[in-house]
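# Analysis of the macromolecular model
Chain by chain, the residues run as shown.
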Amino acid sequence: MSDPVAGGAQRLRDAGVDNPRLDARLLWEHAQRIQRSALVAYDRRDHIFNKLIARRAAREPLAYITGHKEFWSLDFEVGTGCLIPRPDTETLIEELRRIVPGKAAPLSILDLGTGSGCILIAALSECPNAHGVGIDSSSEALGWAARNVRAHRLEDRASLIQTAWLEEASPGFDVVLSNPPYVASGDIATLEPEVRDHEPRAALDGGPDGLDAYRALSTRIGPLLRPGGHALLEIGSCQASAVIALMAAGNLEVLRTVKDLAQIPRAIVARRNQ
Ligand code: GLN
């Protein structure tokens, strides 16, 4: 094959990968980076590239192969065991910007189910005087979150706690953020192979109707917030009314539903009643 990128793209196209040409080019660039950094005595670039293409053709997510994903214009290290940050989730950070009284506010922020840490870290990067806690039940995910906290030099403003995410966290937070698992168990099989076969099921599976996490959150978030504090929750596309009802029953006043760039309801903003 004279053009290795075109050949790689064809293999990805045959495997059903979206954007095969773009992914092949990104993997070619990644192969060159590996080659530059590795102590290889002869040109193994094609060999490295072919191995990367084989992984992508097996529908491993691009971000796991390159080890990086951008979120809120920040770089995050990702790999097996943490959910890959999604652009849709930036909706939560946009809403955080709308509710904070000013960037300088010394907020305390809690991120439930922090995964890669992307929500917590983006929130702290927006609010330089805030501090935050990220909770996750998965030690593997928290390993990625810890790497990202270090990479963004936020060790003195971010702490990470491994616990089943609804167990004790001290109350009094100004803001609780969460992108909980919300895919109905029966829908997991219909997800793209990249998600279904590679990303952590615990970060996706929201139980029979997808609402298990919100049910648990509905009674836990109120006590974790100071009166007047806000909860910003990501939701699945058809879950707005069910989640609003759950939060209202948990002494939270739902202020609004927010749509993402595709005009799909993606987040709810709620406030703890006084
Ligand atoms: N939006 C995710 C997906 O692409 C689901 C994430 C979640 O359950 N929180 O499947």
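The notes below deal with the structure included here. The structure presented is a predicted model; accordingly, all values stated were derived computationally and were not measured. (Residues numbered from 1 in each chain as written. Predicted model: local features only at pLDDT ≥ 70, side-chain atom pairs only at ≥ 80, totals over all residues. Heavy atoms only, no water.)

This part is about the overall build of the protein. What the protein contains, in helices and strands, is 10 helices and nine strands. For 274 residues, the compact-globule estimate of 2.2 N^0.38 gives 19 Å, and the protein sits close to it at 20 Å. With the C-alpha coordinates aligned to their principal axes, the bounding extent of the protein is approximately 70 × 40 × 30 Å. Looking at the protein as a whole, 51% of its 274 residues are labelled buried. For the protein, restricting intrachain contacts to residue pairs at least 6 apart in sequence, the fraction spanning at least 24 positions comes to 64%. Accessible surface, the protein: about 12800 Å² in total, of which carbon and sulfur atoms supply 51%. Taken as two groups, the 31 positive and 35 negative side-chain charges of the protein have centres that lie 3 Å from each other. (Helix = DSSP H or I, 4+ residues; strand = E, 2+ residues; numbered from the N terminus. Rg over C-alpha atoms; globule rule 2.2 N^0.38 Å. Buried < 20%, exposed > 50% of the residue type's maximum accessible area, 1.4 Å probe, protein only. Contact = heavy atoms within 4.5 Å. Areas by Shrake-Rupley, 256 points an atom, 1.4 Å probe, with all protein chains shown as cover. Lys, Arg positive; Asp, Glu negative; His and termini not counted. Charge placed at Lys NZ, Arg CZ, Asp CG, Glu CD.)

Tracing the backbone shows Asp 260 in the loop between strand E8 (252-259) and strand E9 (265-272). Residue Asp 260 is classed as buried on the basis of its relative accessible area of 5%. Among the polar contacts listed, one links the side chain of Asp 260 to the backbone nitrogen of Ala 262, at a separation of 2.9 Å. Contact partners of Asp 260, with chain neighbours within four places excluded, come to Asp 88, Thr 91 and Arg 266. (Polar contact = N/O pair within 3.5 Å; in protein donor to acceptor, adjacent residues only side chain to side chain.)

Attention now moves to the side chain of Thr 163. Considering the arrangement of structural elements, one finds Thr 163 in the loop between strand E5 (158-162) and strand E6 (173-178). Those residues in contact with Thr 163, other than ones at most four positions away along the chain, are Ile 135, Asp 136 and Ser 137.

Another aspect to go through is the site of the ligand. The local shell around the ligand consists of Arg 86, Asn 179, Pro 180, Pro 181, Tyr 182, Val 183, Ala 203 and Leu 204. In the environment of the ligand, a nitrogen atom lies 2.6 Å from a nitrogen or oxygen atom belonging to the backbone of Pro 180. Interatomic distance of 3.0 Å between a backbone N/O atom of Tyr 182 and an oxygen atom of the ligand. If the ligand stood free it would expose 300 Å²; the protein chains cover 85% of that surface. A molecule is said to occupy a pocket when more than half its atoms come within 2 Å of that pocket's grid points, and by this definition the ligand occupies the second largest pocket. (Near = heavy atom within 4 Å. 1 Å grid on protein atoms, 1.4 Å probe; cavity = no way out; pocket = protein on both sides within 12 Å on 5 of 7 lines; lining within 4 Å. Sits in = over half its atoms within 2 Å of the grid points.)

With that settled, consider the state of the cysteines. Following the criterion strictly, the structure yields zero disulfides and no others. There is no disulfide at Cys 82, and the cysteine sulfur nearest it, in Cys 118, is 8.5 Å away. A relative accessible area of 0% places Cys 82 in the buried class. (Disulfide = S-S within 2.5 Å.)

Moving on: the packing of aromatic side chains. This model, assessed by the stated rule, comprises two aromatic pairs. Judged by centre distance (5.0 Å) and plane angle (85 degrees), the ring pair of Trp 28 and Phe 49 falls under edge-to-face. Placement of Trp 28 in helix H2 (residues 20-37) and of Phe 49 in helix H3 (residues 45-57) is noted, with a sequence separation of 21 residues between them. Take Trp 28 and Phe 49: they sit in the same class, and that class is buried. Relative to Phe 76, the ring of Phe 71 lies with its centre 6.2 Å away and its plane at 70 degrees, an arrangement referred to as edge-to-face. Phe 76 carries the same exposure label as Phe 71, and that label is buried. (Phe/Tyr/Trp six-rings, centres within 6.5 Å; stacked < 30°, edge-to-face > 60°.)

At a minimum axis distance of 8 Å, the contact between helix H1 (residues 4-14) and H2 shows a crossing angle of 130 degrees. Classified by the angle between their axes, H1 and H2 sit oblique to one another. The way H1 lies across H2 gives a crossing that is right-handed. Residues Pro 4, Val 5, Ala 6, Gly 8, Ala 9, Leu 12 and Arg 13 of H1 form the contact with H2, whose participating residues are Pro 20, Arg 21, Asp 23, Ala 24, Arg 25 and Trp 28. Of the residues assigned to the contact of H1 with H2, the class counts are eight nonpolar, one polar and four charged. (Axes fitted to C-alpha atoms, helices over the stretch in contact; angles between N-to-C directions. Parallel < 35°, antiparallel > 145°, perpendicular 65-115°, else oblique. Left-handed = near helix turned anticlockwise from the far one by under 90°. Nonpolar A, V, L, I, M, F, W, Y, C, P; charged D, E, K, R; others polar.)

By themselves, these figures tell us nothing about what the structure is for.
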